[in-house]
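Report on the structure
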There are 2 protein chains.
Amino acid sequence: MQQHDGPLARLRRGHEELVLDLLRRHGPLSRAELGARCGLSRTTLYDIVGVLVATGTVVASVPEAGRRRRGRPVERLALNPAAGQAIGIDLARRAVHIAAVNVAHEVVGTASRAHGPDLDLAGRIALVEEMVDELSGDSLRLAALRAIGVGVVGPVASAPAPGSGGGSASLGAGDERDTIAELLRKRFGAPVLVDNNTRLAALAESVWGAATDARDVLYVRLSHGVGGGLVVDGALHRGASGLSGEFGHISVEPGGRRCQCGGSGCLETVASAGAVLDAYRAAGGTADDIAAVTAAARAGEPAAVTAVAAAGRRVGVALAAVCNAIGPSTVVVGGELASAGAVLIDQVRAALTEGLMPVARPLLDLRPAVLGEGGAALGGIALVLHRSPLLSRYPNREDREDGDVS
Amino acid sequence: MQQHDGPLARLRRGHEELVLDLLRRHGPLSRAELGARCGLSRTTLYDIVGVLVATGTVVASVPEAGRRRRGRPVERLALNPAAGQAIGIDLARRAVHIAAVNVAHEVVGTASRAHGPDLDLAGRIALVEEMVDELSGDSLRLAALRAIGVGVVGPVASAPAPGSGGGSASLGAGDERDTIAELLRKRFGAPVLVDNNTRLAALAESVWGAATDARDVLYVRLSHGVGGGLVVDGALHRGASGLSGEFGHISVEPGGRRCQCGGSGCLETVASAGAVLDAYRAAGGTADDIAAVTAAARAGEPAAVTAVAAAGRRVGVALAAVCNAIGPSTVVVGGELASAGAVLIDQVRAALTEGLMPVARPLLDLRPAVLGEGGAALGGIALVLHRSPLLSRYPNREDREDGDVS
């Protein structure tokens, strides 16, 4: 599983990213200009550019203006806009979300489709195919598809190497996850990476959303369940066994309500959409879905305000413990409950501030999420952009001859 | 501050580490053998080896057996055992600890010296000089000193680039820290990295101590204060502002005792050495230092067992919240209180297990620290080994011409 992630593989990925980054930022460059800017040796640079051209990621051309009077014409290298497309997919509980970007990392299309809770895996994959087909055409050329990042419900221990068929060490639903990866890989002919969808939403908020200026981000999602994800120094944090970001199972009420995780008194039992709905109705409220409760809270209906605010305080207390431990610069709050706006966020902020060590209080920024339901699909793209599948095209000598160097 | 940490600098550091790693594991190799194993292009490899030889890290020699009948003799490259030494220093509250390793990463000497709580900075630096002088000689050649890693009390935001003079963005005592780095750099003529000493103890436990098999480690230290550190995917975690690992300031008793951090009811107010001593004496115990209390707890004295066990439970509850959030594989408990052994650890384990989500319970390993007081000095070495100072010898074109690529 780790064969594409040794020091040598990381070096090559780093070389590629450096070259692609320069072309992304400066537009077309000659090899000499690229060499002066990247500082790689001539041989290394020619190797890297050769692979990028061979795989169609980069195109070489001789512009009129670039032809010299004498000598060889000067080729210029540019990103191939039709290449390197990536698709992100979120297989959520009751919906499929997809997004696509081109090699310049511009989003070229998104789509969402709800489905019943009982739709089986084959049905959900068929839905993905339909949605991708509809996006195809001008904006999305499937022939140029480079990689797919998929978000799924539940823990995923480690994202597999691109091209390895998508296997992943996981707890519980590992087989289904492998099946998803395999089906998508066969259907679209591109490497597939799988990760937890809430974690991908966290990555998306840090790459495309509310926290693009931050490298250490805590994202919490208050929805059907309570979960989240951590971005640590710009990268997705997974934890040793893929259980990072389980904020919903922090115990906040010893001996409290039974939780679906098997524990009791978890944050999820008091701050999920269902728990808030229950609290609201126990206080005499009459709405019967969470969207109505958050709308009522925004409108100032006392039972809704009380239920939402209480959940917010509990979230703030639990996150304060985590923030003291990991010191993020930014906390992002998403999920259906976040649409209650200030009624929720103000209480989260008050409890979070109170629980933080005083020196850390002015250093932490709390913000609502901005990406909404499509976040995890964008996170799938961020995931594959962070692990360039080009690597699988290189021979990996270190593993063949030398085991794992790390 | 980041000028040595762009993508290009990381690549070069990666190249060097690859070459040094191969020589460490295989012993002397020819350039051709090295080339076959590392997979770098000939030009890149020759560049890297050239710098390593020029800086004295690697030596080239022609063994008798290696001389060919005809043609040029085949040089073999090997680590220079007299080169690349690193020193780790812990400037703790009332003691200085030092450790030294050679280029093969073998510990060649350690020393500890207690001092009064009022010894000023100049006095502590003088103590460091004395201790290093005493270690010098056969095992430590100062001329070959490559880098110094220093642990200090209090938060440090980011380790500065080696060779940059040791500046660091920090909260509070930043000036003193810069002074420490500058004084040591001038005295020993080597780059200096500074980090929080409890965090360095965490790194040391994961590199040399109780958790060498783990890449995601939570280390908690129960001592005069309560603090800790996180190792995430093998690297030290700092948090956005250097406040990572502040487990002692997780609120465990709303409205509880005032804490020195300015908050109240912090874990430190119930689980520090002083808090346990207070609890023990309130229960009728007569010992008057924490070593006597932990000894009494090991011996089964009820007041000591009660006081230590209560602290252990509080620690377990607080760490469970953190572990649900970050999913480490290993929790290491150190500090004076840990010498109470099972009386403490069993209670930490019970509360930690109870607070973890059930699926995570069998995946977490709890262990006592093994490195003791010298841990942070070893961590200082681990810190500099993770950030090769060789890098500062390379021109950094990307920054000169092109800003930050990352």
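Scroll up to find the structure.
Everything in this summary refers to the structure shown in the same document. (Residues numbered from 1 in each chain as written. Chains lettered and ligands numbered in written order. Predicted model: local features only at pLDDT ≥ 70, side-chain atom pairs only at ≥ 80, totals over all residues. Heavy atoms only, no water.)

Time to look at the pattern of salt bridges. Tallied over the entire structure, the rule returns 34 salt bridges over all chains. Between Arg215(A) and Asp233(A) there is a salt bridge; the shortest N-O distance is 3.1 Å. Linking Arg215(A) in the loop between helix 6 (197–207) and strand 9 (217–222) with Asp233(A) in the loop between strand 10 (226–232) and strand 11 (235–236), this pair joins segments that are 18 residues apart in sequence. The salt bridge involving Glu182(B) is made with Arg185(B); its shortest N-O contact spans 3.0 Å. Of this pair, Glu182(B) and Arg185(B) both sit in helix 5 (residues 174–188), three residues apart, which is roughly one turn of the helix. Taking relative accessible area as the criterion, Arg185(B) reaches 30% and is therefore assigned partly exposed. Connected via shared salt-bridge partners are Arg113(A), Glu130(A) and Glu134(A). (Salt bridge = Lys/Arg side-chain N within 4 Å of Asp/Glu carboxyl O. Helix = DSSP H or I, 4+ residues; strand = E, 2+ residues; numbered from the N terminus. Buried < 20%, exposed > 50% of the residue type's maximum accessible area, 1.4 Å probe, protein only.)

Here we take up the interface of chain A and chain B. Taken together, the contact pairs 59 residues of chain A with 59 residues of chain B. On inspection of chain A and its partner chain B, the count reaches 10 residue pairs in polar contact (both at pLDDT 80 or more). The set of elements that each furnish at least two residues to the side of chain A that touches chain B consists of helix 1 (7–26), helix 2 (31–38), helix 3 (42–54), strand 10, helix 10 (302–326) and helix 13 (397–402) of chain A. By residue number, the principal contributor to the side of chain A that touches chain B is helix 1 of chain A, which donates 11 residues. Class assignment of the residues belonging to the side of chain A that touches chain B gives a composition of 27 nonpolar, 20 polar and 12 charged. (Contact = heavy atoms within 4.5 Å. Polar contact = N/O pair within 3.5 Å; in protein donor to acceptor, adjacent residues only side chain to side chain. Nonpolar A, V, L, I, M, F, W, Y, C, P; charged D, E, K, R; others polar.)

Residues and elements named next belong to chain B. The strand order 6-5-4-7-8 describes an open sheet built from five strands, whose pairing is mixed. Single-partner strands in this sheet number two, and they are strand 6 (107–114) and strand 8 (192–196). Between one strand and the next, the sheet's axes are offset by a mean angle of 15°, whatever the strand orientation. Relative to strand 5 (residues 95–101), strand 4 (residues 85–91) runs antiparallel, the two being bridged by six bridges. (Pairing = 2+ DSSP bridges. Axes fitted to C-alpha atoms, helices over the stretch in contact; angles between N-to-C directions.)

Quick look at the sheet that holds strand 10 of chain A now. All names here are of chain A. Pairing is mixed across the open sheet formed by five strands, whose spatial order is 11-10-9-12-13. Of all strands in the sheet, those with a lone pairing partner are strand 11 and strand 13 (365–368), marking the two edges. Against the sheet, helix 10 contacts strand 9, strand 10 and strand 12 (330–334), and its axis sits at roughly 160° relative to strand 9.

A separate point is empty space enclosed by the protein. Taking a probe equal in size to a water molecule and rolling it over the atoms shows the remaining empty space. Scanning the model with the defined rule gives seven cavities of 30 Å³ or more in all. Around the largest cavity, the lining residues are Cys323(A), Asn324(A), Gly327(A), Pro328(A), Leu356(A), Met357(A), Ala360(A), Leu363(A), Leu364(A), Ser241(B), Leu243(B) and Glu246(B). Residues that form the lining of the largest cavity fall into these classes: eight nonpolar, three polar and one charged. Quantified by volume, the second largest cavity comes out at close to 80 Å³. (1 Å grid on protein atoms, 1.4 Å probe; cavity = no way out; pocket = protein on both sides within 12 Å on 5 of 7 lines; lining within 4 Å. Points joined across faces, edges and corners; volume = space filled by probe spheres on them.)

A separate point is the nonpolar core. Among soluble globular proteins, nonpolar side chains are generally buried collectively. Ranked by internal contacts, the top residues of the largest apolar core, which has 96 residues, are Leu218(A) and Leu218(B). The residues touching Leu218(B), leaving out its near neighbours within four places in the chain, are Gly229(B), Leu230(B), Phe247(B), Leu319(B), Val322(B), Cys323(B), Ile326(B), Pro328(B), Thr330(B), Val331(B) and Val332(B). (Core = buried A, V, L, I, M, F, W, Y, C linked by side-chain atoms within 4.5 Å.)

A word on the packing of aromatic side chains. Under the definition given, this model contains zero aromatic pairs over all chains. Over the aromatic face of Tyr46(A) sits the side chain of Arg31(A), whose NZ or CZ is 5.4 Å from the ring centroid. (Phe/Tyr/Trp six-rings, centres within 6.5 Å; stacked < 30°, edge-to-face > 60°. Lys NZ or Arg CZ within 6 Å of the ring centre and 35° of its normal.)

This part is about the packing of helix 10 (residues 302–326) of chain B against helix 11 (residues 342–355) of chain B. Residue and element names in this part refer to chain B. At a minimum axis separation of 7 Å, helix 10 and helix 11 run at an interaxial angle of 35°. The handedness of the crossing between helix 10 and helix 11 is right-handed. Contacts from Val305, Val308, Ala309, Gly312, Arg313, Val315, Gly316, Val317, Leu319, Ala320, Cys323 and Asn324 of helix 10 reach helix 11 at Val343, Leu344, Gln347, Val348, Ala350, Ala351, Leu352, Glu354 and Gly355. Classifying every residue of the contact of helix 10 with helix 11 by side-chain character gives 14 nonpolar, five polar and two charged. (Left-handed = near helix turned anticlockwise from the far one by under 90°.)

Glancing now at the relation of the copies chain A and chain B. Overlaying chain A on chain B yields an RMSD of 0.1 Å, the required transformation being a rotation through 180° with an accompanying axial translation of 0.0 Å. Put plainly, the chains are arranged around a two-fold axis. Both copies share a contact surface, since 100% of the interface residues of chain A are interface residues in chain B too. (Least-squares fit on C-alpha atoms with pLDDT ≥ 70 in both.)

Take the environment of Ala295(B) next. Residues and elements named next belong to chain B. Looking at the secondary structure, you find Ala295 in helix 9 (residues 290–298). Under the relative-accessibility criterion, Ala295 is labelled partly exposed at 30%. For the pair Ala295 and Ser339, spaced 44 residues apart in sequence, the C-alpha separation works out to 7.7 Å.

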